[in-house]
Structure formats: C-alpha cells, structure tokens
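Structure assessment
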Amino acid sequence: MIKSCKRCVKRAYQIPEFTIEEKKLLTALKIDHKFLEAIDKIRTLYSVELIDAKFSVMHINTIYGKCNRCNADYLNGEYVECPKCKSLNFNWEIKNE
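Residues numbered from 1 in each chain as written. Predicted model: local features only at pLDDT ≥ 70, side-chain atom pairs only at ≥ 80, totals over all residues. Heavy atoms only, no water.

**A few points about the overall build of the chain**
When you go through the chain residue by residue, the secondary structure sums to 3 helices and 4 strands. In sequence order, the secondary structure elements of the chain are arranged as β-β-α-α-α-β-β. Projecting the C-alpha coordinates of the chain onto the three principal axes gives extents of approximately 35 × 35 × 20 Å. For the chain, buried positions account for 39% of its 97 residues. The long-range share in the chain, meaning contacts at least 24 apart out of those at least 6 apart in sequence, stands at 48%. In the form shown here, the chain has an accessible surface area of approximately 5,900 Å², with 52% of it arising from carbon and sulfur atoms. (Helix = DSSP H or I, 4+ residues; strand = E, 2+ residues; numbered from the N terminus. Buried < 20%, exposed > 50% of the residue type's maximum accessible area, 1.4 Å probe, protein only. Contact = heavy atoms within 4.5 Å. Areas by Shrake-Rupley, 256 points an atom, 1.4 Å probe, with all protein chains shown as cover.)

Next up, the structure:
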C-alpha cells in the first residue's frame, strides 16, 4: 500500500506488508527507543531505502489508538491519518508478551 504523511513527507511511500511477528518486534524496539535497530531490521527484511525505513519507524504507534505525534486517543484502523494533526499512524493492534 502507498501512503504519505501530510505532516512530514511530501512523497508517497510503499509500506511493506509486515507480518504480525514483525509488527510486534518493531513496536517493541520503538518502545525501547532502539530506533536504529528497528530501521536496520526493516532495511534487512524489505531492502528499502534508509529514508523509507525511517519513515516506517517514526510512524509506528507505541499505544494502540493513540496518535504518535499529538497523543489524540481515538484512532481507528491500521494505517490511519490522525483527524486532529494529520499525522500518519501505523496503528497496529498487537499484543506484546
């Protein structure tokens, strides 16, 4: 799927088809502030450019339903634009053990 974020990027970006295991891992890395590891993981798995891997990591929600930019807490859907701030959110509903 192709998406862009009105808040930070003017070009469209192809979002990889992440598996549930990859979503869990990437979310955990972001929660632990291991951004470089998450970026490297995406680049390794999908052979994407550095800018695209960064785009993915910066748009992952750490709390389901809450915007990663403005903390609005009413997001619905998996890849959704926040109605308040227009930021793209990878709003993955996953359970990390």
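**Describing helix 2 (residues 35-46)**
If you check helix 2, its first and last C-alpha atoms are 17 Å apart, about what 12 residues at 1.5 Å a residue would give, namely 16 Å. Taken together, the buried positions of helix 2 are A38, I39 and I42. Each buried residue of helix 2 sits inside an arc of 100 degrees when the element is viewed along its axis, so together they form one side. Opposite the packed face of helix 2, turned more than 90 degrees from it, sit the exposed residues L36 and T44. On the buried face of helix 2, the contacting elements are helix 1 (20-31) and helix 3 (50-58). Looking one or two residues past helix 2, S47 carries a phi angle of roughly 50 degrees, positive in sign. (Expected span 1.5 Å × (residues − 1). Arc of directions from axis to C-beta.)

**A few points about the packing of aromatic side chains**
Applying the stated criterion to the full structure yields 6 aromatic pairs. Both rings, one in F18 and one in Y46, keep their centres 5.5 Å apart while their planes meet at 85 degrees; by these two values the pair is edge-to-face. With F18 in the loop between strand 2 (13-14) and helix 1 and Y46 in helix 2, the pair connects residues that are 28 residues apart, well separated along the chain. Of the residues examined, F18 reaches a relative accessible area of 8% and is grouped as buried. Under the relative-accessibility criterion, Y46 is labelled partly exposed at 25%. On the basis of an interplanar angle of 65 degrees and a centroid distance of 5.4 Å, the ring pair of F18 and W92 is categorised as edge-to-face. With a gap of 74 residues between them, F18 in the loop between strand 2 and helix 1 and W92 in the segment after strand 4 (88-90) connect regions that are remote in the sequence. Comparing F18 with W92, the two get one shared label, buried. (Phe/Tyr/Trp six-rings, centres within 6.5 Å; stacked < 30°, edge-to-face > 60°.)

The values reported here are purely geometric and, on their own, carry no functional implication.
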